[in-house]
Each structure stands twice: as C-alpha cells, then as structure tokens.
Amino acid sequence: MTKFKRLIKALFACVVFALAASQSHAQTAGGACSPEGTVQSGFTCSGGVWVTAPACTGGQYWDTAMAMCTCGPNMTWNGSSCVTPTPTCTGGQFWDGSMCTCGAGMTWNGSSCVTSTPTCTGGQYWDTAMAMCTCGPNMTWNGSSCVTPTPTCTGGQF
C-alpha cells in the first residue's frame, strides 16, 4: 500500500503541475499586458492583452501596433507577396519597368508627353496648325528645298 500511496502522490503532483502550467499559459494568452509590442514566450502584447502572433507570409512581418501582418517600408502587398510598388507616372507617361517614359512618337516637354516635332528639311519649318513641314511665305517646295518661285511674265514682259 505504501508504494500505491507514493504512486498516487506522484501522479497527483504531476496533475497539479500540469494544471498549474496550463493555467499559467492561459493567464499569458489573453491576459493583461503592457507595454504594447512586448514579445514574451511566443506571445505579443497587442491591444493590452497577450496574443499569439500568426505566421506572416509573402515577406510580411507581424506589426504589433497594427496587430496584423504588414509589408516593410517602401513595399506594398500585391495579394500574395510584398513588392516594390510601381511608381505613378504623370503627364501621359507610363512605367516601362525602369522609368516613366512617353509612348512612340511622343517626347517629354518637361510637364507632359507631346507629339514629337518632325525634323523638317530643305528650309521648311514645322507648321503646328497644318501639322506638316512647310516653306515660309513667298516660297515654294521644289521637291527638295524651299525656293523663291520664278515669276510668270505676261504680255511680252520678262
């Protein structure tokens, strides 16, 4: 009987120890805590109570102040991972993967994308109203350059 009593006492001591440990754990998880953000034994103090921080994925980390998984500075969540955000381009530009740029046939004038001004040849200039290269006043295009037209004389004049 002595062995039996010692066995019962030992078993009782184990049960009491296990119960005390589980109560201690229960007091930690959900128990009051401070300061905010303290991490202790796998628990984080969030909202004044101890919580188990979930495993964050996709490069996120547990932000105790917001009590949620979040991406680091200068990163954004794309639905599956933290990524560097695509810059916002202005003035009609688009992101080409490394910089903001204008589309084909367009150039940047310092504030927006504009139609590229063609290079005119043979003395012509770009007429924005007509959207074409043209010769100046009193000049004509001979197929290769702007020239002063030869006057046509009538009545025997030359």
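Remember, it's a predicted structure, so these values are computed and weren't measured experimentally.

Q: Can you walk me through the overall build of the protein chain in this structure?
A: Helix and strand counts for the protein chain stand at 1 helix and 15 strands. Across the 158 residues of the protein chain, 16% fall into the buried class. In the protein chain, the proportion of contacts linking residues at least 24 apart, taken out of those at least 6 apart, comes to 3%.

Q: Looking at this structure, how should I read the state of the cysteines?
A: Here a disulfide denotes a covalent bond joining the sulfur atom of one cysteine to the sulfur atom of another. Per the counting criterion, the structure on display carries 6 disulfides. For Cys-56, the disulfide goes to Cys-69, at an S-S distance of 2.1 Å. Looking along the S-S bond of the Cys-56-Cys-69 disulfide, the torsion reads about -85°, which is the left-handed sense. Within this pair, whereas Cys-56 is found in the loop between β3 (49-52) and β4 (61-63), its partner Cys-69 is found in strand β5 (residues 68-70), the two being separated by 13 residues in sequence. Overall, Cys-56 belongs to the partly exposed group, its relative accessible area being 23%. Sulfur-sulfur distance for the disulfide between Cys-102 and Cys-113 comes to 2.1 Å. The chirality of the disulfide connecting Cys-102 with Cys-113 is left-handed, given an S-S dihedral of about -90°. Taken together, the residues Cys-102 in the loop between β9 (100-101) and β10 (106-108) and Cys-113 in strand β11 (residues 113-115) connect sequence positions 11 residues apart. Classification of Cys-102 as buried rests on a relative accessible area of 12%.

Q: Just to check I follow, could you spell out the pairing of β3 for this structure?
A: Regular strands place side chains that alternate from one sheet face to the opposite one. Sheet analysis places strand β2 (residues 43-46) next to β3, joined by 4 bridges and oriented antiparallel. Within the sheet, the bridge partner assigned to Cys-45 lies in β3 and is Trp-50. Between the antiparallel neighbours β2 and β3 lie 2 residues, among them Gly-47 with a positive phi of about 65°.

Q: Honestly, the side chain of Thr-70 in this entry has me stumped. Any pointers?
A: Checked against the element boundaries, Thr-70 lands in strand β5. Under the relative-accessibility criterion, Thr-70 is labelled buried at 14%. Once residues lying within four places of it in the same chain are set aside, the contact partners of Thr-70 are Gln-60, Tyr-61 and Asp-63.

Q: What's the story with the side chain of Gln-60 in this structure? I'm lost.
A: The topology assignment puts Gln-60 in the loop between β3 and β4. Those residues within four positions of Gln-60 in sequence are excluded, and the remaining contacts are Cys-69, Thr-70, Cys-71, Trp-77 and Cys-82.

Q: Sorry if this is basic, but what is going on with unusual backbone geometry here?
A: Comment: phi is negative for the bulk of residues other than glycine, and the bulk of peptide bonds are trans. Positive phi, close to 55°, is recorded for Ala-131, a residue that is not glycine. Relative to the assigned elements, Ala-131 resides in the loop between β12 (125-127) and β13 (132-134). A positive phi angle is found at Asn-138, which is not glycine, with a value near 60°. With respect to the helices and strands, the residue Asn-138 is situated in the loop between β13 and β14 (140-141). In this structure Asn-138 comes out as exposed when scored by relative accessible area, which is 70%.

Rules of the game
- Residues numbered from 1 in each chain as written.
- Predicted model: local features only at pLDDT ≥ 70, side-chain atom pairs only at ≥ 80, totals over all residues.
- Heavy atoms only, no water.
- Helix = DSSP H or I, 4+ residues; strand = E, 2+ residues; numbered from the N terminus.
- Buried < 20%, exposed > 50% of the residue type's maximum accessible area, 1.4 Å probe, protein only.
- Contact = heavy atoms within 4.5 Å.
- Disulfide = S-S within 2.5 Å.
- Pairing = 2+ DSSP bridges.

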